[in-house]
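Examining the three-dimensional arrangement
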Amino acid sequence: MAPLKTLILLLLVSVANASWRTDLEVILGRMTQAAYDTASHENLDHLLSLLKADGSFSDLKYGQDDSESFRTHGRRQSALLYHHLNGKDLTAEILTCFSFITYDAPPNTDGNWWGHVIGVPSMMWGGVVLAKDLLGSELLTDFLDRYWQNTQAGPVWNPEEVSGDMAGGNLGPRAMFGEVEGLLRGTHVDIHAQVQEALYVDLAERQPYDGNGLRPDGCLHQHNIGGDYNTNIGYLDHTLNNPYNGAYGKELLRYTSNLMSWYTGTELDFQDATIEGLFAAYLECQQWLFRGHTQEPTTCGRHMTDGTSITLYATRGAVRDTGYHLQKFGRHLEEVQAVLHRYDHVLPDPEFALSGNKYFFNSDLTVHQRREYMASVRVLSNRTSRPETWPPSQNGDGYFQGDGFMTILIDGEEYGKPKREVFLVYDWARVPGVTNLYTTDIPQYHTGAYWSGHFFNDAKFAGGVSDGEVGVTAMVCRRPYVALRSVKSWFFFDDVIVALGTGISLGVEDTTGESVITTLAQLAFEGSYVIGTSNGEEITADFGSNVENQPAFLHHRNIGYVFMNGNETLFTMADSRVHGEDAIDIFSAWLDHGSTPEDATHSYVVLPSFDLEQTRLFAANPHVKVISQGRDLHAVCHEPSKTIGFAFLTDGELTPSTCGDAAEVSLLVDTPCLALVSVSSESADAAELSVTLADPQQMYDVIRVRVTYGGRAAERDVQMPPPPKRGSSVTEAFLV
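Read on for an overview of the structure.

With that out of the way, let us pick up the sheet that holds strand S20 (residues 553–556). Spatial ordering of the open sheet is given by S12-S13-S14-S15-S24-S21-S20-S17-S18, a layout of nine strands whose pairing is antiparallel. Strand pairing shows two members of the sheet lacking a second neighbour, strand S12 (462–466) and strand S18 (538–541), which therefore form its edges. Averaged over neighbouring strand pairs, the angle between their axes works out to 15 degrees when direction is ignored. Inspection of the sheet shows S20 paired to strand S21 (residues 559–563) by four bridges, in the antiparallel sense.

In this structure, Pro724 follows Pro723 across a cis peptide bond, with omega equal to 5 degrees. One non-glycine residue, Asp364, lies in the positive phi region at around 60 degrees. Examined against the element boundaries, Asp364 turns out to sit in the loop between strand S5 (356–360) and strand S6 (365–369). Its identity as a non-glycine residue notwithstanding, Tyr481 has a phi of 70 degrees, on the positive side. One can find Tyr481 in the loop between strand S13 (471–477) and strand S14 (485–492).

Taken as a whole and assessed by the stated rule, the structure comprises one disulfide. Of all cysteine sulfurs in the structure, the one in Cys673 sits closest to Cys477, which takes part in no disulfide; the separation is 19 Å. Distance from the sulfur of Cys673, which forms no disulfide, to the nearest cysteine sulfur (Cys659) is 18 Å. Here Cys673 falls in the buried class, since its relative accessible area comes to 0%.

Taking a probe equal in size to a water molecule and rolling it over the atoms shows the remaining empty space. Under the counting rule described, the total for this entry stands at three cavities of 30 Å³ or more. Reported here for the largest cavity is a volume of approximately 130 Å³. Surrounding the largest cavity, 15 residues form its lining, Met406, Ile408, Pro432, Leu520 and Ala521 being those nearest its centre. Of all the elements in the fold, those that place two or more residues in the lining of the largest cavity are strand S8 (405–409), strand S16 (516–524) and S21. Grouping the constituent residues of the lining of the largest cavity by class yields 11 nonpolar, three polar and one charged. Around the second largest cavity, the lining residues are Gln287, Phe290, Arg291, Gly292, Arg342, Val346, Pro348, Leu354, Gln369 and Arg370. Its residues assigned to classes, the lining of the second largest cavity shows four nonpolar, three polar and three charged.

So, how was this worked out
Residues numbered from 1 in each chain as written. Predicted model: local features only at pLDDT ≥ 70, side-chain atom pairs only at ≥ 80, totals over all residues. Heavy atoms only, no water. Pairing = 2+ DSSP bridges. Helix = DSSP H or I, 4+ residues; strand = E, 2+ residues; numbered from the N terminus. Axes fitted to C-alpha atoms, helices over the stretch in contact; angles between N-to-C directions. Disulfide = S-S within 2.5 Å. Buried < 20%, exposed > 50% of the residue type's maximum accessible area, 1.4 Å probe, protein only. 1 Å grid on protein atoms, 1.4 Å probe; cavity = no way out; pocket = protein on both sides within 12 Å on 5 of 7 lines; lining within 4 Å. Points joined across faces, edges and corners; volume = space filled by probe spheres on them. Nonpolar A, V, L, I, M, F, W, Y, C, P; charged D, E, K, R; others polar.

See below:
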């Protein structure tokens with residue numbers, strides 16, 4: 001922390017020492033209320049039937065199942081306190097439980113440090129807070145000594161361990177548990193000062209590529225963030241790039257916001273910079289990453305396939321819990337209210353809806369929000385690495401996850417129900433939006449080893465352009481160890497999304513017998529789907545497989561797909577896959593490019609929140625037009641908005657083209673870039689065009705642009721954002 005900030009903090013602490021007695025009652029009361037709010041409501045009769053005379057529970061195997069029995073014991077202690085505070089005298093049972101776990105329970109043999117300093121305290125803190133007036137000083141002190149100080153992994157709050165390298169998902173809970181210990185022991189002033197400094201560093205003083213914290217793209221990044229492996233010291237230093245990791249980011253937000261709510265308005269209130277940093281992370285990033293109760297999946301980290309319904313629970317902790325805590329601050333109330341409304345209403349009221357387009361240029365992630373739907377696509381450059389994958393058990397099959405994973409969410413149940421998400425039985429060689437060589441043996445790879453090159457894309461050209469409402473994302477696919485080559489682009493307009501692919505090529509020497517595919521969908525099956533054929537007929541299908549050559553459209557779950565090339569081969573499949581005792585129904589659809597494609601292409605339109613009739617009408621009369629689908633230029637016109645999106649793979653020019661009822665437009669650029677051009681206003685002899693540019697390679701300072709409209713031209717140099725904002729978009733008005 002800077003010297004001036006240190007002096008200010010010390011001054012705050014000295015003032016607090018003079019008046020803490022008044023504030024301490026407020027803080028302890030808020031902490032106690034928070035403990036009560038999180039206490040288990042487990043059935044009391046069931047609890048008492050398991051409780052033994054020595055204070056242990058008969059069904060728990062203390063010391064034999066890592067931290068699980070200790071965690072369960074802590075949760076049950078909070079349940080006993082909950083029932084005690086609601087009129088049932090359980091003093092004897094509570095004291096016996098605490099005495100057993102403090103003095104008689106065998107050692108916790110968990111080999112994972114997390115279980116000792118986060119896992120167990122996360123279940124025990126609420127119970128001990130609620131029991132603080134029952135335990136007596138000796139039992140309370142001995143309990144804290146065992147589970148907060150003398151753990152196998154060291155103290156829960158150890159300021160010597162807190163550094164810029166600790167993920168916020170570890171720092172957040174440890175900070176809160178440390179403050180709990182300080183408030184119970186009466187040492188909270190010193191611990192609070194340490195926690196403030198640690199959180200300030202984590203949220204406000206991270207360097208642009210320093211691992212965790214707030215990034216220049218306005219998003220909270222947690223747990224393994226990378227820079228450019230070409231400029232770092234080899235692959236070993238290139239870590240994973242996760243905007244708001246669905247587990248670690250959630251933990252930082254909900255624990256830290258809960259902790260901050262205890263101190264708000266007291267002499268020990270947190271520094272404004274720290275609080276505002278948390279607001280920035282929550283309001284400017286997290287609001288883009290969910291629909292209803294479902295989190296954008298590529299931001300969920302390595303926990304996607306571990307059975308915890310991470311896309312649902314990540315959002316619960318981040319949006320619901322953090323939102324409620326932030327309301328206690330009394331700041332940004334309108335924004336927080338809107339976010340919480342969108343969490344509770346998958347189709348929000350118009351005044352609370354989020355509508356816009358955002359590209360996170362530190363993460364290569366585009367998110368497109370409308371009241372009726374949410375869409376996203378995750379790409380990969382040589383600056384970033386794919387979403388967290390830790391073989392063999394934690395999302396170990398996520399090999400293709402960063403190659404254009406496209407998400408469409410309408411009802412928020414596209415990935416299934418809690419504990420029965422489709423990711424438990426996913427075919428990870430059919431990732432929506434991705435073009436890949438199909439395989440039944442997903443490659444496993446480890447970061448920190450020589451084959452960790454599998455994490456990356458050797459191409460610099462990967463990025464997005466956004467004017468705040470619509471956008472274009474594009475990626476050149478040049479993955480190490482992967483022979484398949486392609487260029488992909490996605491055009492996000494108000495009501496539709498256009499996906500283009502060119503240069504899809506795989507040599508004969510690299511064939512495996514399987515096909516190169518582009519996946520359209522893999523999500524929870526709703527019961528039936530419809531394929532429109534080239535001769536105007538329709539096929540309604542349920543379980544089973546279908547193949548259709550030259551399809552016109554596909555419709556399932558209020559999502560339409562319209563095929564623009566006219567030469568596609570569409571495969572669809574609805575099947576039931578078993579996980580444990582559960583059967584999970586999944587619908588999959590993909591295009592087959594053959595086993596040895598050479599410069600193959602795809603061109604399809606995604607119609608989110610379109611019913612079957614709307615999909616039929618669009619297929620018969622589409623209001624988007626693919627202007628260019630070449631090796632060097634992808635360009636698409638959205639006729640209703642008179643907007644053209646561009647992906648220039650090289651410097652070049654779009655020849656004059658019409659878009660809707662506007663005059664002919666052309667655009668010339670002197671560097672590879674992404675662009676949007678729309679007609680803002682026009683008269684008989686003049687027009688104003690909005691031109692938005694972004695440099696997906698994040699290497700150019702200036703782009704020379706000439707835009708022509710109706711034969712009239714305007715030309716200028718457009719200054720691109722310098723570091724650390726490289727990769728973000730610039731919008732300028734051109735009068736022609």
